[in-house]
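Residue-level listing of the chains:
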Amino acid sequence: MKPIVEFCISNIANGAQESFEKLERDPNLDVLEYGCLSYCTKCGQGLYALVNGEIVEADTPDELTEKVHEFIEENPLF
C-alpha cells in the first residue's frame, strides 16, 4: 500500500502547486487533490498536506515536499 498525500485545491492555488506536482510524479505515492479538506484555517495560514490522514505543514513548497517525505520515513505504513 502506498502512502496517501492529500491536497486541498485552495492550498494548491495558494502556493502548494510546486510541491503537489513534485509529489505527484513520485510513483511510490498516491497524491490526490480535493475541492476542500475542511482545514480552512490551515489554508489561510500556510501550506499543508494530509499524509495518511495527518497534517504536515510548511512555509514553502520545497519545505512541504521535504516534510512530506520525512513524515513518511518516520511513520511507515507497516
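Residues numbered from 1 in each chain as written. Predicted model: local features only at pLDDT ≥ 70, side-chain atom pairs only at ≥ 80, totals over all residues. Heavy atoms only, no water.

Within an unreviewed UniProt entry, the label attached to the chain reads YuzB family protein, and the organism entered is Planococcus chinensis.

## A word on the state of the cysteines
All chains considered together, the criterion is met by zero disulfides. Considering cysteine sulfurs only, C36 is the nearest to C40, which forms no disulfide, with 4.3 Å between them. Its relative accessible area of 56% is what places C40 among the exposed residues. (Disulfide = S-S within 2.5 Å. Buried < 20%, exposed > 50% of the residue type's maximum accessible area, 1.4 Å probe, protein only.)

## Some words on helix α3 (residues 61-74)
End to end, α3 covers 20 Å across 14 residues, agreeing with the expected 20 Å (1.5 Å per residue, within 8%). Within α3, the full set of buried residues consists of L64, T65, V68, F71 and I72. Buried residues of α3 fall within an arc of 130 degrees about the axis and therefore sit on the same side. Set apart from the buried face of α3 by more than 90 degrees, the exposed residues are E73 and E74. Among the structural elements, β1 (4-8), α1 (9-24), β3 (47-51) and β4 (54-58) are those in contact with the buried residues of α3. (Helix = DSSP H or I, 4+ residues; strand = E, 2+ residues; numbered from the N terminus. Expected span 1.5 Å × (residues − 1). Arc of directions from axis to C-beta. Contact = heavy atoms within 4.5 Å.)

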